[in-house]
Amino acid sequence: MMIRILALLAILVLGLGAVPAMAQGTTASPSLADERAVQALLRGETVHGRITIPDQRAANLIQPEGRKWREFHNVTLAWVGGIAVLGMLALLSVFFLVRGRIPIEGGRSGRTILRFNAFERANHWMVASCFIVLALSGLNLTFGRHVLLPLMGPEAFTEVSHWGKYAHNFLAFPFTLGLVLMLLIWVKDNIPNGTDIRWLKAGGGLVGHGEPDSGRFNAGQKGIFWITVLGGAAVAVTGYMLIFPFVFTDVTGMQLSHMIHSITAVLLIAVMLAHIYIGTLGMDGAVEAMTTGQVDLNWAKQHHNLWVAEELAKGRAATPPDTAKAAGAD
Amino acid sequence: MLIKRSEARAGRQRLAAAYAGLSSGGLDRRAFLKQAGVTGVGLSALGAIPLTTMRPAAAGPVNHAEPVTRVKNICTHCSVGCTVTAEVQNGVWVGQEPSWDSPINRGTHCAKGASVREIVHGQRRTKYPMKLVGGQWQRMSWDAALTEIADKLMAVRQASGPDSVFWLGSAKFSNEGSYLYRKMAAFWGTNSVDHQARICHSTTVAGVANTWGYGAMTNSYNDIRNAKTMIIMGGNPAEAHPVSLQHVLSGKEQNRANLIVIDPRFTRTAAHATEYVRIRPGTDIPIIWGLLWHIFQNNWEDKDFIRQRVYGMDEVRAEVAKWTPAEVERVAGVPEAQMRKVAELFATQKPSTLIWCMGATQKTVGTANVRAYSILLLATGNVGSAGAGANIFRGHCNVQGATDFGLDVTSLPAYYGLDANAWRHWSRVWGVSYESMVARFDSQTMMETPGIPTTRYFDAVTMPVNAQTGLAQRDNLKAMVVFGHGGNTVTRMPEAVKGLEKLDLLVVADPHPTSFAVMSERKDNTYLLPICSQFETEGTRTSSNRSIQWGFKVVNPIFESKDDYEAMYRLCGAIDAAAAKRNMTFRMQAEIFAPLEVIDNRPTPESILREINRGAISTGYTGQSPERMKLHMQHQDKFDLVTLRARDDAPESIRGDFYGLPWPCWGKPEWRHPGTHILYNTNLHVKQGGGTFRARFGVERNGVSLLADGSYSQGSELTDGYPEFTTAVMARLGWDAELTAAEKASIQAQGGSASWATDLSMGIIRVTMDHGVMAYGNAKARANAWNLPDPIPVHREPIYTPRTDLIAQYPTLPDRRAFRLPHLGQSVQNRAKDLAPNFPIILTSGRLVEYEGGGEETRSNPWLAELQQDMFVEINPRDASARNIRDGSWVLVNGPEMPQGKATRMKALVTERVGPGVAFMPFHFAGWFMQEDQRSKYPQGADPIVLGESVNAITTYGYDPVTFMQEAKVTLCQIRAA
Amino acid sequence: MARMKFLLDSDRCIECNACVTACKNENEVPWGINRRRVVTLNDGKAGERSVSMACMHCTDAPCAAVCPVSCFYTTADAVVLHDKDLCIGCGYCFYACPFAAPQYPRLGNFGSRGKMDKCTFCAGGPQEDLSEAEYIQYGANRLAEGKLPLCAEMCSTKALLAGDGEVIAQIYRERVQKRGYGSGAWGWLTAYRESVAI
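Keep in mind that what you see is a predicted model, and the values were worked out from it rather than measured.

### Structural notes on the overall build of chain B
Along chain B, the regular secondary structure elements total 32 helices and 34 strands. Scaling as 2.2 N^0.38, a compact globule of 978 residues should have a C-alpha radius of gyration of about 30 Å, and chain B matches this with 27 Å. For chain B, the C-alpha atoms occupy an extent of roughly 75 × 75 × 75 Å along the three principal directions. Relative to its full complement of 978 residues, chain B shows a buried share of 62%. Long-range pairs, those at least 24 residues apart, make up 73% of the contacts in chain B between residues at least 6 apart in sequence.

Below, the structure is given as structure tokens:
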């Protein structure tokens, strides 16, 4: 049941029509015991029997799905991952060349406004740093053999991969925790509304001029948020299936989990590359939101005019920069 | 591509070390040894016993730089007799190799045989003598243990007489050990000496011996390759004797033979059958008579064979006539068409063999079943030739030998029985006076009365002494000495527990504590003596096919264990000391061991075998000298796979011999009789292993001759039937003149007259063989065995039967007495009839390939225990779904004789192996008793890895009238989800 | 060089588990690791067959294809082996293997996998032939001693054959011709992309 839900999830959320349909292990009872006859009868499903040892996965005599999984891992995933990651890098490079860095209209005001408090930032960086390690150690499992192994030699590569595996397994927990916190603290600002439609219609201001109206998060950021939360959930759930082998599911379920996990992960990586780009290189004034938490008021007005208005109305006036501090307080 | 690296990098990730201690019971050898060392030191410090007496099983993988010695021994599990080839380095058994040269297993093993090396790792063995003190196990020295045991034995002897000690021996003994144990019991002065055959094939022995002379498999595993039709009925050799299936399946393939499996359960054997017949448990006789009905109806019987070699077949016809196809279907549930098909195949596509096991024997009608099987073979002329015969697969590795040497309450060694002639014969062999033997017993009557069988020992403990209604001997059993036997193997365990608790003394001499050590609530007077396995000593063992094989010692006994020979020698010495202390004149050691060679307190098996060779004349255990047996093991590769005969390229010393000199191997070793591959085979000369049916039952009955009619073994000078030979018959034929002076002197010395079996000079055998004549006579086989309760087998419903409607027509036997005890029949059946509705499922039992017998040894072997970790009950999907039982879930099972409110707990295995209304349980489990986990009662570190409920907590009353075989195959139970 | 293969004649296999314990015995395989196992199909029904299964040493082995650290290698005898010093216990070979051959001791974090263990065709591992190091990490190296895997050598009914693919296929072919029936060489289609033509 769990598997079916996951499969549905995979197809719905990620639109992956390409995931090979996994036949469920409903073993028919063939009257012949010839391998060929049995396999024909089962149409490529697992050949399952009775075994006395407690390890029931050993009761699967032949599971031809392994072949499909191999095809997926070595071909589909490599292509999808390669295209997603490299393609996104290429896309961003082109975008940067064409669009350049988006400046703050009217330059910095010198006045800042608190965009993310310390807790939000800490949580963001916890998730972000986990994600980077998870992504790199994950990509290593698919591509390292072709990229790093020839460079490092087998012993060193195993050392790296081994630690990578440990890191991948352990960091899964803070990563998941961070995702849950993100959901809790940011969900209220990420509920899609009418503004988003207008924002999207206006192309988000990335193309052309004239920034559309936006609240605390614009539709693009909301997209990132939901992709992170839902994609992260998919990666986390499937990841736990893999980290606790055979606790929740059988080998078929684990293969499927791995497929969802890896495809979601490479797509997430691609999206996160875009996120990182826009938050750092692509846009002037954005990175402070997650470093000091204070963004320039002009930047804020440019990209999140409705939020600024709301904040000001709440009386939480923009704070002057530290350099201007002496003016009144003391 | 990777290449081999140097050893320098080795060991960074050690496979075994990395795993150690991480899983339940999965200690590898190295880690275990480390721990064993630690515990060893701790214990020795506590007990102030020097560690030097503990022989650790130091180990390590094979060091390929150093030489490896190869030692051949025989597998200690089933009766097939597979050769085990051990690789030994520095006194440590480091590896097992295929024994390609053995004509029996040809390199192969089953799960048990392939894991026997673990036995001498001995992780969970009894490591030193122990006793229970207030419910706690206490370590002690051998001398202290034997002194205390002997003192208590003598106390029992003084107060209650010799018959109050029960000597339970073992099918795990070598032949020499079995013989010595029987001799020891005789010198103690009791016939209450028994072993596993009582509960596995005692009814086979009684049944076939009463039919044609000897109680053994007539042909061999290898000879099955010649069969055109095989019926396996009441046996599952694929699990119980896996290596035999090599011969069965090869025969099936090469001859395109019919393999018919008749069994209530669709076994792993049935999976390979060409025809599977499912019957209701307990309906063997209706099936056999039903087959014969078709055979007689269609004139498929072998009329010449019956005329020449069978007595009483007409009376069988009368009984068979009652078993019309309709009646067979009503009683056993098998349709006419299938019965007719099987009958036709068996009777017309010959040679045909009938293979059976405990499905036939462990019944209240066990002997009758065996008799019916034998009669089917006789009617179709399938006895005494290649590819035919009664291929009875016996159970333990030496159950045949232990039976032959009289670990049996009814006989002295070699089936001489218990009468005065038998005692006189063995007294002569032992070099003691008959009168001195009589003096060792309570009375001459007790000396000639069969003892207490192992199926009823606990009744003899608890039942009031009364010659008419209770136990017919001076006093109850007070002490029990158990060598190599499990306590969970006998039915009615709740009763057995009560019996054990009442004993004054319980001694368990075994490599393992066994279930005897834990199943009762005994707190004191219980001793464990560590005995080594047969791999740590030497001697011969007899396989099911009567081939005798010498096992060479692989390693010295591990820890403080001793072999059976030494343990018995020391025990006898201790008894003598205890007797002296009590100012009794009774002595054992000197007389028992006087004819034997004793080195370092250990009688040598060679000298024991030579004594056997002198005395076991009746069974032809006389030609198998230690030298010949060792030569056979040395030149195994020279024997033919199918005929078992040493080929022309064999050394002269064995050329022409049958492998293992299967008994009877007549006369003296130097006569070079080749042994008898196929019993009663008239196509061979008696000197070449030919034979006739044995004339054991006189020459005529009611005016009808019992001797063969125109049938005789090849080259016989007497071309008709003849009686067994005595000095008188010799004289009548004038053959006595051919006896040598020495032979005559020998006969004269034993009183002037002798039969062929008591003639210690073996002159009678020599002379008769020179005339091509069989000394034991040439008779007809008996279809009518008038001395048995049912001379012609008749169907009798099991005591606990779900078909209560059939009881009136086919009742069990009326209540009677046998073996010093009452034997209830109809009174129990009548009571059971009312209980049947509450227990709607038939419970039957059997073997698993991974375990053997009571299972303590095999459940202690991690390589085996891992494969079967839970006691289970097989239940049909229909019965399971009616009870909401899922495959693999826990269930509670109880039986009609269990204490009120009690139940056993085990896993359900929902399978169509069993039909609706039938459940199956393996019988190897112990250590849980009616939901009580008894693990804490084992001595620390000696508990088997896997424990479970015993089927015998559920099994019920029911005994074969001839041998007191227990009813283990048909009882009733109820199952519910836990 | 020979192309080593296993061939299981399911018309002979009786689920006696000798192959399983012979493997344990020869390689001192610890509890919980089952390099070889016997699976019964159609248990208790007509057509019941038991099949002993271990690593089949596939042609174009899936385990080798998917291993992230490329720790597998194929010997000159076409035996598929792996280097435990390189294995990281990721489990990918188990997902890809059609025969559930890879085994893992549970010793990592969260009960996850240790280094993979599997049937070596009694051919040891990358360590020096017949060295103690090789034995401890991988078990016996019978091929180096000129012997075949013990599971097949000890098979009670000679159902499990091991050796050069052509030789054992010929033995099987003759057997089927003699007896007139055969359920096929189990796993061959999956492992070697071919069956034994009768």
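### Focus: the overall build of chain A
Counting secondary structure elements, chain A contains 12 helices and four strands. Sorting the 330 residues of chain A into buried and exposed places 34% on the buried side. In chain A, once contacts between residues fewer than 6 apart in sequence are set aside, the share between residues at least 24 apart is 69%.

### Quick word on the sheet that holds strand β31 (residues 927-929) of chain B
All names here are of chain B. Read across the open sheet, the three strands follow the order β32-β31-β33; overall the sheet is mixed. Two strands bound the open sheet, and with one partner strand each, they are β32 (932-933) and β33 (948-949). Relative to β33, β31 runs parallel, the two sharing two bridges. In the strand pairing of β33, Gly927 is matched with Gly948.

### A few points about the nonpolar core
One finds Val873(B) and Ala919(B) to be the most contacted residues of the largest nonpolar core, which totals 403 residues. Here this core takes 13 residues from helix α9 (residues 251-279) of chain A, the largest share from any one element. Not counting residues within four places of it along the chain, the set of residues in contact with Ala919(B) comprises Ile841(B), Ile842(B), Leu843(B), Val873(B), Glu874(B), Ile875(B), Val914(B), Cys973(B) and Ile975(B). One finds Ala289(A), Leu297(A), Ala300(A) and Val308(A) within the second-largest nonpolar core, a separate group that totals 10 residues.

### Focus on α9(A)
Helix length check: α9(A), at 29 residues, gives a terminal C-alpha distance of 40 Å against a target of 42 Å (1.5 Å per residue), a fit within 8%. Counting buried residues along α9(A), 21 of its 29 residues qualify, which places the element largely inside the surrounding structure.

### Section: the pairing of strand β30 (residues 918-922) of chain B
Residues and elements named next belong to chain B. Summarising burial for β30: five of the five residues are buried, a large majority. Residue alternation in β30 divides its side chains into two sets, Val918, Phe920 and Pro922 and Ala919 and Met921, and both sets are buried. When strand β26 (residues 841-846) meets β30, the two strands line up parallel, connected through five bridges. Bridge pairing in β30 links Ile842 to Val918. Looking at chain direction, strand β27 (residues 872-875) and β30 are connected through two bridges and run antiparallel. The partner of Ile875 across the bridge, within β30, is Ala919.

### Comments concerning the domain arrangement of chain B
Residue and element names in this part refer to chain B. Annotation of chain B at the domain level lists domain 1 (15-84 + 93-110), domain 2 (130-196 + 415-608), domain 3 (202-392) and domain 4 (804-977). Between domain 1 and domain 2, the residue contacts involve 17 residues of the former and 19 residues of the latter. Broken down by secondary-structure element, the contributors of at least two residues to the side of domain 1 that touches domain 2 are α2 (29-47) and β1 (69-74). For the side of domain 1 that touches domain 2, the element with the highest residue contribution is β1, accounting for four residues. Within the side of domain 1 that touches domain 2, the residues separate by chemical class into nine nonpolar, six polar and two charged.

### Topic: the confidence of the model for chain B
All names here are of chain B. Counting all residues, the mean pLDDT for chain B is 92, and 94% of those residues have values of 70 or more. In the predicted structure, residues 1-59 sits below a pLDDT of 50 and forms 100 contacts with residues beyond four places in sequence or in another chain. Here the prediction assigns the complex a pTM of 0.89, and the interface score ipTM is 0.96.

### Brief notes about the environment of Thr514(B)
Residues and elements named next belong to chain B. Mapped onto the secondary structure, Thr514 falls in the loop between β15 (505-510) and β16 (526-530). For Thr514, a count of 29 C-beta atoms within 10 Å gives the class buried. In the structure, Thr514 is positioned 26 residues away from Asn488 in sequence and 8.7 Å away in space, judged by C-alpha atoms. Among residues more than four places away in sequence, those in contact with Thr514 are Gly486, Gly487, Val508, Gly854 and Glu856.

### Remarks on the UniProt feature "domain: 4Fe-4S Mo/W bis-MGD-type" (unreviewed entry) in chain B
Mapped onto this structure's residue numbering, the UniProt feature "domain: 4Fe-4S Mo/W bis-MGD-type" (unreviewed entry) falls at residues 68-124 of chain B. Secondary structure within residues 68-124 of chain B divides into 0% helix and 33% strand; the distance between the first and last C-alpha atoms comes to 27 Å.

### Focus: helix α28 (residues 763-770) of chain B
All names here are of chain B. Residues of α28 that are buried: Gly763, Ile764, Ile765, Val767 and Thr768. For α28, the elements touching its buried residues are α26 (727-733) and α27 (741-749). After α28 finishes, the residue Gly772 shows a positive phi value of roughly 70 degrees.

### Section: the packing of helix α9 (residues 284-297) of chain B against helix α13 (residues 336-348) of chain B
Geometry of a packed helix pair, given as the angle between the helix axes and the separation of the axes. Residues and elements named next belong to chain B. It is the contact of α9 with α13, at a shortest axis distance of 9 Å, that shows an interaxial angle of 70 degrees. When the axes of α9 and α13 are compared, the pair comes out roughly perpendicular. As for the relative orientation of α9 and α13, their crossing is right-handed in sense. Seen from α9, the contacting residues are Gly290, Leu291, His294 and Ile295; seen from α13, they are Met339, Arg340, Val342, Ala343, Phe346 and Ala347. Residue classes in the contact of α9 with α13 are distributed as seven nonpolar, two polar and one charged.

### Quick look at the sheet that holds strand β14 (residues 479-483) of chain B
All names here are of chain B. Taken in spatial order, the seven strands of this open sheet run β5-β4-β16-β15-β14-β6-β7, and their pairing is mixed. Two strands close off the open sheet at either side, each with one partner strand: β5 (136-139) and β7 (193-194). Judged from the four bridges that link them, strand β6 (residues 165-168) and β14 form a sheet pairing that is parallel. Note that in β14 the partner of Leu168 across the bridge is Val482. Docked against the sheet, helix α3 (residues 142-160) engages β4 (130-133), β6, β14, β15 and β16, running at close to 135 degrees with respect to β15. On the sheet, helix α4 (residues 175-188) packs against β6, β7 and β14 and is oriented at approximately 170 degrees with respect to β6.

### A word on the packing of α9(B) against helix α12 (residues 325-332) of chain B
Residue and element names in this part refer to chain B. Here α9 crosses α12 at 160 degrees, and the two axes come no closer than 10 Å. By the angle between their axes, α9 is roughly antiparallel relative to α12. Between α9 and α12 lies a crossing whose hand is left-handed. Where α9 approaches α12, its residues Pro286, Ile287 and Gly290 are matched on the opposing element by Pro325, Val328, Val331 and Ala332. Broken down by class, the residue content of the contact of α9 with α12 amounts to six nonpolar, one polar and no charged.

### Quick notes on unusual backbone geometry
Residue Pro351(B) follows Lys350(B) across a cis peptide bond; omega there is 0 degrees. Within the secondary structure, Pro351(B) sits in the loop between α13 and β12 (352-356). The step from Trp663(B) to Pro664(B) runs through a cis peptide bond, and the omega angle for that step is 0 degrees. Backbone geometry places His57(C), a non-glycine residue, at a positive phi of 55 degrees.

### A few points about the pairing of strand β29 (residues 904-910) of chain B
All names here are of chain B. The buried count for β29 comes to five of seven residues, which makes it a mostly enclosed element. Taken together, the four bridges between β27 and β29 define a ladder with parallel strand orientation. In the strand pairing of β29, Ile875 is matched with Val910.

Here is what the cut-offs are and how they apply
Residues numbered from 1 in each chain as written. Chains lettered and ligands numbered in written order. Predicted model: local features only at pLDDT ≥ 70, side-chain atom pairs only at ≥ 80, totals over all residues. Helix = DSSP H or I, 4+ residues; strand = E, 2+ residues; numbered from the N terminus. Rg over C-alpha atoms; globule rule 2.2 N^0.38 Å. Buried ≥ 20, exposed ≤ 12 C-beta atoms within 10 Å, placed from the backbone. Contact = placed C-beta atoms within 7 Å. Pairing = 2+ DSSP bridges. Core = buried A, V, L, I, M, F, W, Y, C linked by C-beta atoms within 7 Å. Expected span 1.5 Å × (residues − 1). Domains from an automatic or database assignment. Nonpolar A, V, L, I, M, F, W, Y, C, P; charged D, E, K, R; others polar. pLDDT = per-residue confidence, 0-100. UniProt positions renumbered as here; feature names shortened; annotations may be inferred. Axes fitted to C-alpha atoms, helices over the stretch in contact; angles between N-to-C directions. Parallel < 35°, antiparallel > 145°, perpendicular 65-115°, else oblique. Left-handed = near helix turned anticlockwise from the far one by under 90°.

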